There are 2 protein chains.
Amino acid sequence: MTTKFLLPESELPTHWYNVVADLPAPPPPPLGPDGKPVGLEALAAIFPPALIEQEVSAERWIAIPEEIREIYRLWRPSPLHRAHRLEQALQTPARIYYKNESVSPAGSHKPNTSIPQAWYNRQAGIRRLTTETGAGQWGCSLALAGQLLGLEVRVYMVRVSYEQKPYRRSLMQTWGAEVFASPTKLTNAGRQVLEKHPDTPGSLGIAISEAVEEAAGRADTNYALGSVLNHVMHHQTIIGQEAKKQMALAGDYPDVVFGCCGGGSNFAGIAFPFYADKAAGKAVRLVAVEPSSCPTLTRGVYAYDYGDATGLTPLLKMHTLGHDFVPPGIHAGGLRYHGAAPLVSQLVDAGLVEALAIPQLETFEAGVLFARTEGIVPAPESTHAIAATIREAKACAKTGRPQVLLVNLSGHGHFDMSSYDRYFAGSLQNYDYPAEAIAESLQHLPKVG
Amino acid sequence: MTTKFLLPESELPTHWYNVVADLPAPPPPPLGPDGKPVGLEALAAIFPPALIEQEVSAERWIAIPEEIREIYRLWRPSPLHRAHRLEQALQTPARIYYKNESVSPAGSHKPNTSIPQAWYNRQAGIRRLTTETGAGQWGCSLALAGQLLGLEVRVYMVRVSYEQKPYRRSLMQTWGAEVFASPTKLTNAGRQVLEKHPDTPGSLGIAISEAVEEAAGRADTNYALGSVLNHVMHHQTIIGQEAKKQMALAGDYPDVVFGCCGGGSNFAGIAFPFYADKAAGKAVRLVAVEPSSCPTLTRGVYAYDYGDATGLTPLLKMHTLGHDFVPPGIHAGGLRYHGAAPLVSQLVDAGLVEALAIPQLETFEAGVLFARTEGIVPAPESTHAIAATIREAKACAKTGRPQVLLVNLSGHGHFDMSSYDRYFAGSLQNYDYPAEAIAESLQHLPKVG
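Residues numbered from 1 in each chain as written. Chains lettered and ligands numbered in written order. Predicted model: local features only at pLDDT ≥ 70, side-chain atom pairs only at ≥ 80, totals over all residues. Heavy atoms only, no water.

(A) Seen up close, the overall build of chain A. What chain A contains, in helices and strands, is 18 helices and 15 strands. A compact globule built from 449 residues should have a C-alpha radius of gyration of about 22 Å, and chain A, at 20 Å, falls within 12% of that. Its C-alpha atoms put chain A at 55 × 50 × 45 Å along the principal axes. A total of 449 residues make up chain A; the buried ones form 66% of that total. Taking the intrachain contacts of chain A between residues at least 6 apart in sequence as the baseline, contacts between residues at least 24 apart amount to 78%. (Helix = DSSP H or I, 4+ residues; strand = E, 2+ residues; numbered from the N terminus. Rg over C-alpha atoms; globule rule 2.2 N^0.38 Å. Buried < 20%, exposed > 50% of the residue type's maximum accessible area, 1.4 Å probe, protein only. Contact = heavy atoms within 4.5 Å.)

(B) Highlighting unusual backbone geometry. Of note, the bond from A:S182 into A:P183 is cis; its omega dihedral lies within 30 degrees of zero at 5 degrees. Turning to its location among the elements, A:P183 is positioned in the loop between β8 (178-182) and α9 (188-196). Here the amide bond leading from B:R76 into B:P77 is cis, since omega sits at -10 degrees, within 30 degrees of zero. For B:P77, the location among the structural elements is in the loop between α3 (66-72) and β4 (80-82). Although it is not a glycine, A:V228 adopts a positive phi angle of roughly 70 degrees.

(C) Structural view of the pattern of salt bridges. Counted by the stated rule, this structure contains 44 salt bridges over all chains. Between B:E214 and B:R154 there is a salt bridge, with the nearest N and O atoms lying 3.3 Å from each other. Of the two residues, B:E214 is situated in helix α10 (residues 204-216) and B:R154 in strand β7 (residues 152-158); the sequence distance between them amounts to 60 residues. Taking the relative accessible area as the measure of exposure, B:R154 reaches 17% and is therefore buried. For the salt bridge of B:E362 with B:R391, the shortest nitrogen-to-oxygen distance reads 2.7 Å. You can see B:E362 sitting in helix α15 (residues 360-374) and its partner B:R391 sitting in helix α16 (residues 382-399), a full 29 residues away along the chain. The class for B:R391 is partly exposed, based on a relative accessible area of 35%. One connected set of salt bridges, linked through shared partners, spans A:K4, B:E9, B:E66, B:R69 and B:R73. (Salt bridge = Lys/Arg side-chain N within 4 Å of Asp/Glu carboxyl O.)

(D) Seen up close, the confidence of the model for chain A. For chain A, the mean per-residue pLDDT works out to 95, and 100% of the residues sit at or above 70. Taken together, the chains of this predicted complex give a pTM of 0.96 and an interface ipTM of 0.95. (pLDDT = per-residue confidence, 0-100.)

(E) Main features of the domain arrangement of chain A. Residue and element names in this part refer to chain A. Each assigned domain of chain A is listed here: domain 1 (24-65 + 110-230) and domain 2 (75-107 + 232-442). Here domain 1 and domain 2 have C-alpha centroids that lie 22 Å from each other. Counting from both sides, the interface comprises 56 residues of domain 1 and, opposite them, 54 residues of domain 2. Together, N112, V228 and N230 form the three largest contributors to the area buried by domain 1 at its contact with domain 2, with a combined 17%. Summed over the shared surface of domain 1 and domain 2, the number is one salt bridge. Among the ionic pairs, R168 bridges to D416, the shortest N-O distance being 3.3 Å. Where domain 1 meets domain 2, there are 23 residue pairs in polar contact (both at pLDDT 80 or more). When contributions to the side of domain 1 that touches domain 2 are tallied by element, the ones reaching two or more residues are α2 (49-56), β3 (61-63), α5 (111-123), α6 (137-149), α7 (159-164), α8 (166-174), α9 and α10 (204-216). (Domains from an automatic or database assignment. Buried area = accessible area lost by both parts, 1.4 Å probe. Polar contact = N/O pair within 3.5 Å; in protein donor to acceptor, adjacent residues only side chain to side chain.)

(F) Region of interest: the nonpolar core. Core analysis: the largest hydrophobic core is formed by 90 residues, its most contacted members being A:W175 and B:W175. Other than its neighbours up to four places away in sequence, B:W175 contacts A:A371, A:R372, A:G375, A:V377, B:P105, B:A106, B:C140, B:A143, B:L144 and B:Q147. Formed by 35 residues, the second largest nonpolar core is a distinct cluster that contains B:M247, B:I270, B:A288 and B:V353. (Core = buried A, V, L, I, M, F, W, Y, C linked by side-chain atoms within 4.5 Å.)

(G) Focus on the sheet that holds strand β6 (residues 128-133) of chain A. All names here are of chain A. Spatially, the four strands line up as an open sheet ordered β8-β7-β6-β9, and their pairing is parallel. Across the chains shown, the open sheet's two edge strands, defined by having one partner strand only, are β8 and β9 (221-223). Between one strand axis and the next, the sheet turns by 25 degrees as a mean value, whatever way the strands run. As paired strands, β6 and strand β7 (residues 152-158) are joined by six bridges and run parallel to one another. Paired with T130 across the bridge in β7 is R154. On top of the sheet, α6 reaches β6 and β7; it is set at about 165 degrees to β6, its chief contact. (Pairing = 2+ DSSP bridges. Axes fitted to C-alpha atoms, helices over the stretch in contact; angles between N-to-C directions.)

(H) Inspection of the interface of chain B and chain A at higher detail. Counting residues at the interface gives 44 residues for chain B, matched by 44 residues for chain A. Remark: the boundary between chain B and chain A carries two salt bridges. Put simply, B:K4 and A:E9 hold a salt bridge, and the shortest N to O gap is 3.1 Å. Our enumeration of links across chain B and chain A arrives at 22 residue pairs in polar contact (both at pLDDT 80 or more). Going through the elements one at a time, α3, α6 (137-149), α8 (166-174), α15 and α17 (417-424) of chain B are the ones with two or more residues in the side of chain B that touches chain A.

(I) Quick look at the packing of aromatic side chains. Scanning all chains against the criterion turns up 25 aromatic pairs over all chains. Seen in terms of ring centroids, B:F5 and B:Y97 are 6.2 Å apart; in terms of plane orientation they differ by 55 degrees. Their pairing is tilted. Of the two residues, B:F5 sits in strand β1 (residues 4-5) while B:Y97 sits in strand β5 (residues 95-100), which places them 92 residues apart along the sequence. The residues B:F5 and B:Y97 share a single accessibility class, namely buried. Judged by centre distance (5.7 Å) and plane angle (70 degrees), the ring pair of B:Y253 and B:F274 falls under edge-to-face. Separated by 21 residues along the polypeptide, B:Y253 in the loop between α11 (230-249) and β10 (256-260) and B:F274 in helix α12 (residues 265-279) bring together distant segments of the chain. Members of the aromatic cluster, each reached through a chain of ring pairs, are A:F364, A:Y420, A:Y423 and A:F424. (Phe/Tyr/Trp six-rings, centres within 6.5 Å; stacked < 30°, edge-to-face > 60°.)

(J) Quick look at the pairing of strand β15 (residues 404-409) of chain A. All names here are of chain A. In terms of residue burial, β15 counts as a mostly covered element, since six of its six residues are buried. The two faces of β15 match: V404, L406 and N408 on one face and L405, V407 and L409 on the other face are all buried. Summarising the sheet, strand β5 (residues 95-100) and β15 pair through six bridges and their orientation is parallel. Within β15, the residue paired with Y98 across the bridge is V407. Summarising the sheet, strand β10 (residues 256-260) and β15 pair through three bridges and their orientation is parallel. Of the residues in β15, the one forming a bridge with V256 is L405.

(K) Seen up close, the environment of A:E213. All names here are of chain A. Relative to the helices and strands, E213 is located in helix α10. Considering only alpha carbons, one finds E213 and G190, 23 residues apart in sequence, at a separation of 9.8 Å. Excluding residues within four positions of it along the chain, E213 makes contact with T187, N188, A189 and L312.

(L) Region of interest: the relation of the copies chain B and chain A. Expressed as a screw transformation, the operator carrying chain B onto chain A has a rotation angle of 180 degrees and an axial translation of 0.0 Å, and the superposed copies differ by an RMSD of 0.0 Å. Such values leave the two copies arranged in the relation of a two-fold axis. The C-alpha atom lying nearest the rotation axis in chain B is that of B:H414; the distance is 3.2 Å. A share of 100% of the interface residues of chain B reappears at the interface of chain A, consistent with the copies meeting face to face through the same patch. (Least-squares fit on C-alpha atoms with pLDDT ≥ 70 in both.)

Following this line, the structure appears as structure tokens:
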């Protein structure tokens, strides 16, 4: 009985897949404050030319430079596992597979994009990068990339995560990055928020404002984002490309593909290469799974909004809860984002991708069951996708249908054990965000057109 | 340029290798308090028959039951990596390979033996296991094994590690184990120590006493040990067996093999299968690396001593600093043991294995360099072997000799970030243990024969 499906390094993808080529309609462009499409020069203050080109590209395939592939080979291709023991525990006829992105040095899928982002910035002569991080998965990954490629990295870490996950901070420092709890007094954006809400837990939106503000103000410094933008989605598609080859090795093809969804990069990474098949007529369900406490795709609106909290970014057409929505301090810090990737949002809006929100306690229950059967302790973000997979596998147990389920294990929970501690102590809760609170923040959506 | 050498699951070893078959002389037997070889029935109070049989076996190969191999396949075969980036940083002509045992769910090589130990105990009708743990690598691994195989697990965790590594405790609890800071008031052994030294940081020797005492007193409960004993060494040889095949894939053969050495299982795991070649005439150096603060192999004596602190175990012929030696609270908790595996000790005594002690600061320096080049943050235990490898690679840079170096990365340091924090803060130190202190504890060696 085979448990893991491994690819040799020679099967590492040579190209990133750009889903734009297969969308039913061109993606709505980012808009400036004047409501007109932003010129590329506006992005040049914080991004290098090659990434801007990828951001607006409609080419189906983007070649991966060999030096990036060489770094990918430190841990890639990542394994695909058949979850025999989880299946047994659920007494399901479903065949469950998981793609294991926890094997990267940083413990998640995030280095898939931090490495190329650092590389293209270095090519462009940039010496410093700023970024934000939620739970710290992205900050660690950019710290790693900066270390491997010789760039300085400064990380604005959402305050609630900074306090909950001190060892993610240590990890960033081991890889040589500077880390601050956001909001800080270092930026105008941070100072504005602290004046109004000195006790704010922070949010990804606020931290993005701080990182963008700093990058925009320094010539040697650019900004790197771990999710949301098109080029980030492209970079992550190596996950799904590998998974397709590995599913073929297993002699199976998924009926349903699950990924957790905050900004959207982990979901896009596994799902977009399967979407290419779907666009070509193949039957496959793609499910983006988000927390009930930050229900961007399931209870937000599809509209133009800012990517950050204070309105420094262009307007993006996406599912949003409003750019000043501050989600509760749940433990899946990486999913606490008011918006979602425009590419994912467009597919959800078109009915080609499904969205599902799951409450916090169910996700931890799923994480513990996964740890106790498959061994690996999943990150609280990943447990969302696992919980959705378990729901589906239980449904299969009732109907008797032997569906093939594929889930992206976005990362391990080694730096999230304090969250598991609190779950076991019974001190975690579900947050069903009141409709009025969402309606309130949606009133602040920018007027467009 | 290939970075990783992977084996398919079909290449997972089918047998454990028993080095006893290739030793220059039969191993000196364990002795009872009367100075006579202990009967097997004395071991039956705490070990199942199959493990006792393995403990005294002289058969070269021991078949691995298929159900154990099925669990091994959750993460095995583990990858072998070529450390290209570390080589570049050291400007060395040496070719450095590392076997990556950090990929197990527990993050170290320890599940290689916890799984079979739990399995054989379950076969024998045992329902509970007790054990000790230092840094927590072993405790986590036994917790995992108990969870996967349906046995209750109680862990006595050395107090200094319990306090330094709270998240290893959480991890054990996630896998359903009970964890106590040792010494406890639950056992006579623990109470005795606490009376004399209420502020003791604890030691592996004391924690072993507690776990053995409890297991000996309950019919449904056995004891499991993560190192030292022969059967543990055998189980770990799957590491070296895989590494040999992977070195062949790489078209190389090691001139020197390095493993960190506390009790000895990680060193034995990688080195013994190469020792088999050495016994057959092949030139290969085998280097066991220990901390200067607990210099069992380099400054201890080769003599009969107790395996635990209070004299509950049989007498083992091994390198020892004296069973009541309490090493300082260094951060490589897994290497804080007064003795060493009898099989490793015998080979060191015979001059067939080299031993090397490295001070704490050099090991952390090596760990940080490894993290910053290869990405993976190594456990403080593993950094000892890495530091020795780096010394050798630097020597190669001077001589120009392109030696092939193989090192066992016993585990990752995700639960040891507080130690890295302290290293960066400059609050760690070297401990050069005074000769008088060692002489003092050696005076308490039991008189034999």
